[in-house]
Amino acid sequence: TMVRSAAKNFQDVLIVTSSDDYARVLDALQNGSNTLEFRRDLMIKAFEHTASYDSMIANYMNGRFNSGFGDYQFITGKKVFQTRYGENPHQSAVLLNDPFSDGANLVQSKILNGKPLSYNNFGDANGALELANSFSEPFACIIKHASPCCAAIGDDIFDAFSGACEHGDMKSAFGGIIALNKKVDQKTAEKIVSFFNEVILAPDYDEEALKILQTKKNLRVLQVPNFDKKTIDWSYKKIAGGTLMQDLDLEMPDFSNLKFPTKNKISQEKIADLKLAWSIVKSVKSNAIVVVKNGALISANGGQTSR
């Protein structure tokens with residue numbers, strides 16, 4: 001209430017809501033640059049602060065008591081940084097954090113090597129992260145243009161990554177996004193740097209593995225906090241005049257109680273492949289089909305206008 005009141009009177013009042021502005025305010029007072037424009041800038045920050053605060057409370061209460069869907073829904077977040085451009089060079093874009101995220105967090109990842117991610121990098125990296133943290137067993141995937149081209153489970157992370165590369169579409173994997181859901185070891189790192197990649201995501205890296213990955217100057221190496229913790233979140237799609245909102249597709253069928261209406265019953269190995277295919281297919285966009293065999297993705301396709 002005091003912040004809003006002070007902001008309304010910005011013509012005569014300096015309202016400071018961030019410690020980051022202390023130095024600016026002191027400088028303005030000491031050097032006579034406490035202009036109307038300067039106070040107006042602080043006023044805007046003050047209303048951003050109160051709006052974000054109220055929005056977070058409203059969203060939280062709707063999530064707790066209204067299954068996430070109240071009469072209003074607010075997208076809140078503080079700008080982390082501005083990407084060089086958006087999906088195309090003529091578009092502008094920024095990255096916002098989610099103050100309520102308590103699961104796997106791409107925004108708060110440590111960049112252990114390489115330059116900051118682009119707008120498209122973040123989109124593909126998020127798809128890779130969502131797919132990789134669908135599995136408890138060692139899993140590796142490579143995402144290219146928002147769809148998986150290589151993916152596999154294995155006895156360990158090297159086995160998973162080797163299987164993904166051996167059976168997947170390695171032509172498409174060139175310049176892709178790699179996600180691994182276990183700590184990266186030296187052998188896996190050596191295989192990763194044997195071909196060109198843009199980004200690698202993992203929960204952690206061995207010391208030797210990190211040294212190997214850092215030999216590739218432009219390879220972005222990200223350590224993702226809470227990697228194996230699923231994020232209960234919403235997806236938003238802006239349309240003309242409004243916004244579509246839905247909860248993320250995190251549900252899996254109960255494969256332990258499958259019913260077989262035919263005389264022939266499939267083996268546990270094929271049920272495991274079915275489970276893998278079900279997890280991957282939701283990452284392929286529109287009318288998707290994936291083929292899985294022996295714990296590895298063989299082929300994936302979607303979005304074709306002709307069936």
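These numbers were taken from a predicted model, which means no experiment stands behind them.

J.: Hey, could you go over the side chain of T83 for me, with residue numbers and the actual values?
T.: Residue position: T83 is located in the loop between β1 (79-82) and β2 (94-96). Residue T83 is classed as buried on the basis of its relative accessible area, which comes to 6%. Polar contacts involving the side chain of T83 include one to the main-chain carbonyl oxygen of Y85, which spans 2.9 Å. Setting aside residues no more than four positions away along its own chain, T83 makes contact with A93, V94, L117, S118 and Y119.

J.: Which residues make up the packing of aromatic side chains, and what values go with them?
T.: Overall, the coordinates contain 5 aromatic pairs when judged by the stated rule. Judged by centre distance (4.1 Å) and plane angle (10 degrees), the ring pair of F135 and F139 falls under stacked. Owing to a relative accessible area of 0%, F139 belongs among the buried residues under this scheme. Residues F161 and F195 carry aromatic rings whose centres are separated by 6.4 Å and whose planes lie at 10 degrees to one another, so their mutual orientation is stacked. Residue F161 is found in helix α5 (residues 157-167), and its partner F195 is found in the loop between α7 (186-192) and β7 (197-202); the two are separated by 34 residues along the sequence. Given a relative accessible area of 0%, F161 falls into the buried group. Overall, F195 belongs to the buried group, its relative accessible area being 18%.

J.: Before we move on, can you summarise a nonpolar patch on the surface with the specific residues and values?
T.: Together, Y53, I57, Y60, M61, F65 and F100 line one region of the surface with nonpolar side chains, adding up to about 650 Å² of accessible area. Mapped onto the secondary structure, F100 falls in the loop between β2 and β3 (110-113). The exposure class of F100 is partly exposed, given its relative accessible area of 44%.

J.: Break down α5 for me, with residues and values.
T.: For α5, every residue scored as buried is listed here: I157, A160, F161, S162, G163, A164 and C165. Considering only its buried residues, α5 is in contact with β4 (139-144), β5 (147-153), α6 (170-173), β6 (176-180), α7 and β12 (296-301). For α5, the N-terminal capping position is held by D156, with its side-chain oxygen 3.2 Å away from the main-chain nitrogen of F158.

J.: Could you give an account of unusual backbone geometry, naming the residues involved and the relevant values?
T.: Phi is positive for A146, which is not a glycine, with a value near 75 degrees. Tracing the backbone through its elements, the reader meets A146 in the loop between β4 and β5. In this structure A146 comes out as partly exposed when scored by relative accessible area, which is 30%. Of note, N294 is a non-glycine position whose phi angle comes to about 55 degrees, a positive value. Turning to its location among the elements, N294 is positioned in the loop between β11 (289-293) and β12.

Conventions adopted
Residues numbered from 1 in each chain as written. Predicted model: local features only at pLDDT ≥ 70, side-chain atom pairs only at ≥ 80, totals over all residues. Heavy atoms only, no water. Helix = DSSP H or I, 4+ residues; strand = E, 2+ residues; numbered from the N terminus. Buried < 20%, exposed > 50% of the residue type's maximum accessible area, 1.4 Å probe, protein only. Polar contact = N/O pair within 3.5 Å; in protein donor to acceptor, adjacent residues only side chain to side chain. Contact = heavy atoms within 4.5 Å. Phe/Tyr/Trp six-rings, centres within 6.5 Å; stacked < 30°, edge-to-face > 60°. Patch = residues over 30% accessible without salt bridge, like charges linked within 9 Å, V, L, I, M, F, W, Y side chains within 5 Å. Areas by Shrake-Rupley, 256 points an atom, 1.4 Å probe, with all protein chains shown as cover. Salt bridge = Lys/Arg side-chain N within 4 Å of Asp/Glu carboxyl O.

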